[in-house]
Amino acid sequence: MEKGFDFNSIGKRMPYQVPDGFFDQLEKDVWKEIKEEPSQGKSKLCIRTHIVWGSIATLAAGIAFLLLLRPVWMPESTYSFSTVEEAFSNLCLEDQDYLFETYQDDVFLDNVFLNE
Amino acid sequence: MTEDKEIIQAIRKNPEKGFRLFMDKYKKPVYWHIRRLVVSHADAQDVAQETFIRIFRSFSQCRDDNSFKAWIYRIATREALRLMESRHNEGSFSLEQAEANVNRLPADEYIDYSDLESVKLQRAIRSLPTKQQLVFNLRYYDELRYEEIAEIAACTAQSAKANYHIAKEKIIHYMNSNE
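In this text the structure is predicted, and so the values were computed from the model without any measurement.

Novice: Teacher, can you tell me more about the nonpolar core here?
Specialist: Considering soluble globular proteins, one finds that nonpolar side chains tend to be buried as a cluster. Residues and elements named next belong to chain B. The biggest cluster of nonpolar side chains holds 50 residues, and the ones touching the most others in it are I34, A48, I72, V135, I149 and A153. In terms of residue count, the dominant contributor to this core is helix α2 (residues 15-38) (ten residues). Per-domain counts for this core show at least three residues from each of domain 1 (1-92) and domain 2 (108-179).

Structure, rendered in structure tokens:
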């Protein structure tokens, strides 16, 4: 093991700083954002959920169909992670949240993102 | 300091009151975790705000009370990496980039460049592959358990431990060099 630098001499000291009162302001900004959000009625949420699931089911069926019938000459998909990210960022905030909440624990997606 | 279980119960009982307890405990550590990854104060501020809003909205998705902290850090990490990815925006971005091309500290109003040793340490950390940066920061600064780090970085606890020790050795080497 290489010697010389000692972590104890610096501990957790960092050169990063924040403006005075920053953390109080951050909390205020978060609350402001949360309270400004339009309240989502249950029925609206329910409709949106049905629409999203309907879309996902249709998309899944379409992909399955293409995978089964894909002609030999059809090129492999060239979609990269950044393409997916770009498409995700184009969704509205509510849809982003929905997908985020639904798939945040998805092991496969995590492994794509944090690929070992 | 309020225990996580108390915060969880408080949020379930009264989301706003519980979330205030959550913010009391986590706003600083979560901000600093994000800041160490994205460096710029302005970026860290944006990512932290987005992270806390996501946590508030998606609290019901946290099913395991025992890994509440890992869940919080996972959301914060994901948001920070999303911003980093958008900054790189060329080709695919993953934690396995062999060399992070950001091994310097960018100009920022809120960095004390006169503290040469701590600036050099941050440069050393940023010279690591992103996954090692993440594991090192979570262990060294946030003192998370390897099991929690594994949940955040989507690896095994053994892999997290190995990554931490490799990162530490590389940092010592960097700090002893004249870079």
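Novice: Help me understand the packing of helix α2 (residues 22-36) of chain A against α2 of chain B, please; the structure alone is not making it clear to me.
Specialist: Think of two packed helices as two axes; the pair is described by the angle between the axes and how far apart they sit. Across the interface, α2 of chain A lies against α2 of chain B with an axial gap of 11 Å and an inter-helix angle of 110°. Judged on the interaxial angle alone, α2 of chain B and α2 of chain A are roughly perpendicular. Relative to α2 of chain B, the crossing made by α2 of chain A is right-handed. Seen from α2 of chain A, the contacting residues are F23, L26 and E27 of chain A; seen from α2 of chain B, they are M23, K27, K28 and Y31 of chain B. Tallied by class, the residues present in the contact of α2 of chain A with α2 of chain B amount to four nonpolar, no polar and three charged.

Novice: Would you mind showing me how to read the packing of helix α3 (residues 41-57) of chain B against helix α4 (residues 68-88) of chain B here?
Specialist: All names here are of chain B. Orientation of α3 relative to α4, taken along the N-to-C sense of each, is 135°, at an axis distance of 9 Å. Here α4 runs oblique to α3, going by the angle between their axes. For the element pair α3 and α4, the recorded crossing hand is right-handed. In contact with D43, V47, E50, T51, R54 and I55 of α3, α4 contributes I72, I75, A76, E79, A80 and L83. Classifying every residue of the contact of α3 with α4 gives seven nonpolar, one polar and four charged.

Novice: What exactly am I supposed to notice about the environment of Y141 of chain B here?
Specialist: Relative to the assigned elements, Y141 of chain B resides in the loop between α6 (130-140) and α7 (146-153). Classification of Y141 of chain B as partly exposed rests on a count of 16 C-beta atoms within 10 Å.

Novice: Would you explain helix α8 (residues 157-176) of chain B in this entry?
Specialist: Residues separated by three or four positions in an α-helix point in the same direction, a consequence of the helix having 3.6 residues per turn. All names here are of chain B. Compared with an ideal rise of 1.5 Å per residue, which puts 20 residues at 28 Å, α8 spans 29 Å between its outermost C-alpha atoms and is within 8% of the ideal. Regarding α8, the residues found buried are A160, N163, A167, I171 and M175. The buried side chains of α8 occupy one side of the element, clustering within an arc of 95° when seen end-on. Residues of α8 that are exposed and angled more than 90 degrees away from the buried face: Q158 and E169.

Novice: Would you mind going over helix α5 (residues 116-126) of chain B with me for this structure?
Specialist: Within α5 of chain B, the full set of buried residues consists of L121, A124 and I125 of chain B. Buried residues of α5 of chain B, viewed axially, fall in a sector of 95°; they line one side. Among the structural elements, α1 (7-10) of chain A together with α6 and α8 of chain B are those in contact with the buried residues of α5 of chain B.

Here is what the cut-offs are and how they apply
- Residues numbered from 1 in each chain as written.
- Chains lettered and ligands numbered in written order.
- Predicted model: local features only at pLDDT ≥ 70, side-chain atom pairs only at ≥ 80, totals over all residues.
- Core = buried A, V, L, I, M, F, W, Y, C linked by C-beta atoms within 7 Å.
- Buried ≥ 20, exposed ≤ 12 C-beta atoms within 10 Å, placed from the backbone.
- Helix = DSSP H or I, 4+ residues; strand = E, 2+ residues; numbered from the N terminus.
- Domains from an automatic or database assignment.
- Axes fitted to C-alpha atoms, helices over the stretch in contact; angles between N-to-C directions.
- Parallel < 35°, antiparallel > 145°, perpendicular 65-115°, else oblique.
- Left-handed = near helix turned anticlockwise from the far one by under 90°.
- Contact = placed C-beta atoms within 7 Å.
- Nonpolar A, V, L, I, M, F, W, Y, C, P; charged D, E, K, R; others polar.
- Expected span 1.5 Å × (residues − 1).
- Arc of directions from axis to C-beta.

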